[in-house]
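Structure assessment
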Amino acid sequence: MKNVGEAPQEELATGERSTRNRVARSILDHGPSTVADLAKRLGLTQAAVRRHLDALAHENVVEPREQRVYGARTRGRPAKVFALTDCGRDAFDQSYDKLAADALRWITEHHGEEAVVAFARARITAQAETYRQAIDAAPPEQRTEALAKALTADGYAATARSAPVGEQLCQHHCPVAHVAEQFPQLCEAETEIFSELLGTHVQRLATIAHGDGVCTTFIPRSGGSGSTTRQTTTPASASTAGRNPA
């Protein structure tokens, strides 16, 4: 991975560059973060974090955003968060996005969109075998956490957290985000496999490919009827699944 926010040697000492990379890496691993969050995680003062964020923003590695709030808002103005830009993500990725997008485009042109869907499902099904083993070995109340750990081992920097009437699975990094922006079938197949692995319907609230800071999937608390086991979107979101990454 190349150094992010790198300035000429005379302007930026090695220690400064290392800390700046740590700030960017923390945002990659944990998603859009406030200055206070970064200071706590990295053991830095908030003033130091702001200085590094200013430099990273100048280099187009991070950008400030309004914090997204799910559920009821609390009083007061939401804290500003800093998220990686596409340029910032590219600093960490060693990917072949153009090659992959060209290949999927060729498949679409010569074999139709159904072939892309079949590819996306086959890819994630093979990838999910290790996820299935981790989930099967976990107690029911820790299945989402087990999936998050398995995804993290696969490069997705995932976490699980409690949410009203369920849990949220958050993927703070997506190795195929740029390709998924053009081919949402990749996101849709992933959502389907999450539903299958966890044995319940799930709902995608946000995706990196669609411009959000984190891929967020809502998993309802167990106890619903078995008829919803294979459902991957709510009726309200199903109508948009073909237009945007689900």
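Summarised in this report is the structure supplied together with it. (Residues numbered from 1 in each chain as written. Predicted model: local features only at pLDDT ≥ 70, side-chain atom pairs only at ≥ 80, totals over all residues. Heavy atoms only, no water.)

1. So, the pattern of salt bridges
This is how the line gets drawn: Any Lys or Arg side-chain nitrogen located within 4 Å of an Asp or Glu carboxyl oxygen qualifies as a salt bridge. Numbered from the N terminus, helices here are DSSP runs of H or I no shorter than four residues, and strands are runs of E no shorter than two. Residue exposure (1.4 Å probe, protein chains only): buried if accessible area is under 20% of the type maximum, exposed if over 50%, otherwise partly exposed.
With the rule as written, the count across this model stands at 8 salt bridges. In this structure, Glu129 engages Arg132 in a salt bridge whose closest nitrogen and oxygen atoms are separated by 3.7 Å. Here Glu129 pairs with Arg132, and both are found in helix α7 (residues 129-136), just 3 residues apart, close to one helical turn. Exposure remark for Arg132: the relative accessible area of 24% places this residue in the partly exposed category. For Arg132, the salt bridge goes to Glu196, with nearest N and O atoms at 3.2 Å.

2. Topic: the nonpolar core
What counts is decided by this rule: Joining through side-chain atoms within 4.5 Å is the link that ties buried Ala, Val, Leu, Ile, Met, Phe, Trp, Tyr and Cys residues into a set, and such a set is a nonpolar core. Residue contacts are counted whenever heavy atoms from the two residues lie within 4.5 Å of one another.
Leu104, Tyr131, Leu147, Leu151, Leu169, Phe194 and Leu197 are the most contacted members of the largest nonpolar core, which totals 33 residues. Residue assignment for this core shows that the elements contributing at least two residues are α5 (97-111), α6 (113-127), α7, α8 (143-153), α9 (177-182), α10 (185-198) and β6 (215-220). Sequence-distant contacts of Leu104, that is, excluding residues within four places in its chain, are made with Val116, Phe119, Val179, Phe183 and Leu186. Listed in part, the 17 residues of the second largest apolar core include Val23, Val35, Leu42 and Ala91.

3. A short note on the sheet that holds β6
Heads up, the rule is: Strands were regarded as paired on the criterion that DSSP finds at least two bridges between them. Axis lines are fitted to C-alpha atoms, over the contacting stretch for helices. Their N-to-C directions set the angle, which ranges from 0 to 180 degrees.
The 4 strands lie next to each other as β3-β4-β6-β5, forming an open sheet whose pairing is antiparallel. Across the chains shown, the open sheet's two edge strands, defined by having one partner strand only, are β3 (158-163) and β5 (203-206). For this sheet, the mean inter-axis angle between neighbouring strands, taken without regard to orientation, is 25°. Pairing analysis gives 6 bridges linking strand β4 (residues 166-171) to β6, with the strands arranged antiparallel. Counted as the bridge partner of Gly166 is Pro220 from β6.

4. Things to note about the environment of Phe92
Looking at the secondary structure, you find Phe92 in helix α4 (residues 86-92). The exposure class of Phe92 is buried, given its relative accessible area of 12%. Put simply, Phe92 and Arg25 are 67 residues apart on the chain and 8.4 Å apart in space, counted from C-alpha to C-alpha.

5. Observations concerning unusual backbone geometry
Here the phi dihedral of Asn60 falls at roughly 65°; this positive angle occurs in a residue that is not glycine. Looking at the secondary structure, you find Asn60 in the loop between α3 (46-58) and β1 (62-66). In this structure, Ala157 takes a positive phi of about 45° despite not being glycine. Look at Ala157 and you get buried, because its relative accessible area is 12%.

6. Describing the pairing of β4
The buried fraction of β4 amounts to 5 of the 6 residues, a majority that puts the element mostly inside the structure. Looking at chain direction, β3 and β4 are connected through 6 bridges and run antiparallel. Pairing of Ser162 across the sheet is with Glu167, part of β4. Count of turn residues in the β3/β4 antiparallel hairpin: 2 residues, of which Val165 carries a positive phi of about 55°.

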